[in-house]
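Each chain, letter by letter, is given below.
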Amino acid sequence: MADEVPFQFLHNEVIQYIYKSADSGDTEHGGDISTLENMGCRVGQGLVERLTKDTARFKDELDIMKFVCKDFWTCVFKKQIDNLRTNHQGIYVLQDNKFRLLSQLSAGKQYLEHAPKYLAFSCGLVRGALSNLGVKSIVTAEVSVMPACKFQIMIQKM
């Protein structure tokens, strides 16, 4: 519980720093979301490395996704994913009904336009974790009602 608040503060400050430096002209304006996602990717790679050092190899893609939904998500956000769906053709949807990084924002629709910048780091976390587990993927997030969000993971066949 004690490490939760500093993580949320750090996350918010990183977002503010990247967007302020984009506004002042230090970086391209379109690159701020990709900067956050790349940061998350590197953190996800490191975290999954530590989490899986003493576990057996995963049998298949679905086992990897279950690991991400249970163990990885619990390590980062202190709760499991609420719902995992798949079409068994390489697309997975992870639903979190009370996503911690969005719960600080108002539940109204006025902040929906700001949601992507608060989700970019988390998309990178998942993409980085999956890449270190040998799964190349594209991770996107969508929010229709705050603070619930859905992460769509498209597995890219190698």
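Since we're looking at a predicted model, the values are computed, not measured.

S.K.: In this structure, what is going on with the pairing of strand β2 (residues 91-96)? I would like to understand it.
M.R.: With burial as the criterion, only one face of β2 is covered, namely that bearing Tyr92, Leu94 and Asp96; the residues Ile91, Val93 and Gln95 on the opposite face remain uncovered. Here strand β1 (residues 83-86) pairs with β2 via four bridges, running antiparallel. Residue pairing in the sheet places Thr86 in a bridge with Tyr92 of β2. Linkage of β1 to β2, two consecutive antiparallel strands, is achieved through a turn of four residues, within which His88 is found at a positive phi near 60°. Of the strand pairs in this sheet, β2 and strand β4 (residues 149-155) are connected by six bridges, and their pairing is antiparallel. Counted as the bridge partner of Gln95 is Lys150 from β4.

S.K.: Any chance you could explain the pattern of salt bridges here in plain terms?
M.R.: A side chain of one charge can pair with a side chain of the opposite charge if their charged atoms are brought near each other. According to the stated counting rule, one finds four salt bridges in the structure shown. Here Glu37 ties to Arg127 by a salt bridge, and the two come within 3.1 Å at their closest N and O atoms. In this pair, Glu37 sits in helix α2 (residues 31-51) while Arg127 sits in helix α4 (residues 115-132), placing the two residues 90 residues apart along the sequence. Notably, a salt bridge pairs Lys79 with Asp96, separated by 2.6 Å at the nearest N-O pair. Residue Lys79 is located in the loop between α3 (61-77) and β1, and its partner Asp96 is located in strand β2; the two are separated by 17 residues in the primary sequence. Where salt bridges share partners, they join Lys79, Asp82 and Asp96 into one cluster.

S.K.: Can you walk me through the packing of α3 against α4 in this structure?
M.R.: Geometry of a packed helix pair, given as the angle between the helix axes and the separation of the axes. The contact between α3 and α4 brings their axes to 11 Å, and the two run at 130°. When the axes of α3 and α4 are compared, the pair comes out oblique. For α3 against α4, the interelement crossing comes out right-handed. Across the interface between the two elements, Ile64, Met65, Val68, Phe72, Trp73, Val76 and Phe77 from α3 touch Ser122, Leu125, Val126, Ala129 and Leu130 from α4.

S.K.: Can you walk me through α3 in this structure?
M.R.: In an α-helix, one full turn covers 3.6 residues, which means residues spaced three or four apart are oriented alike. The end-to-end C-alpha distance of α3, which contains 17 residues, comes to 22 Å, matching closely the 24 Å that a straight helix rising 1.5 Å per residue would cover. Val68 marks where α3 bends most, by close to 35°. Every buried residue of α3 is accounted for by Ile64, Met65, Phe67, Val68, Cys69, Phe72, Trp73, Val76 and Phe77. Of the residues flanking the end of α3, it is Lys78, one or two places downstream, whose phi is positive at about 65°.

S.K.: How should I be thinking about the nonpolar core in this particular structure?
M.R.: Core analysis: the biggest nonpolar cluster contains 39 residues, and Leu94, Phe99, Leu102, Leu130, Phe151 and Ile153 have the highest contact counts within it. Breaking this core down by element, the ones donating at least two residues are α1 (4-23), α2, α3, β2, α4 and β4. At ten residues, the largest contribution of residues to this core is made by α4. Dropping the residues within four chain positions of it, Phe151 is found in contact with Trp73, Tyr92, Val93, Leu94, Phe99, Leu119, Ser122, Cys123, Val139, Thr140 and Ala141.

Calculation notes
- Residues numbered from 1 in each chain as written.
- Predicted model: local features only at pLDDT ≥ 70, side-chain atom pairs only at ≥ 80, totals over all residues.
- Heavy atoms only, no water.
- Buried < 20%, exposed > 50% of the residue type's maximum accessible area, 1.4 Å probe, protein only.
- Helix = DSSP H or I, 4+ residues; strand = E, 2+ residues; numbered from the N terminus.
- Pairing = 2+ DSSP bridges.
- Salt bridge = Lys/Arg side-chain N within 4 Å of Asp/Glu carboxyl O.
- Axes fitted to C-alpha atoms, helices over the stretch in contact; angles between N-to-C directions.
- Parallel < 35°, antiparallel > 145°, perpendicular 65-115°, else oblique.
- Left-handed = near helix turned anticlockwise from the far one by under 90°.
- Contact = heavy atoms within 4.5 Å.
- Expected span 1.5 Å × (residues − 1).
- Bend = angle between axes of the 7 residues up to and from the residue.
- Core = buried A, V, L, I, M, F, W, Y, C linked by side-chain atoms within 4.5 Å.

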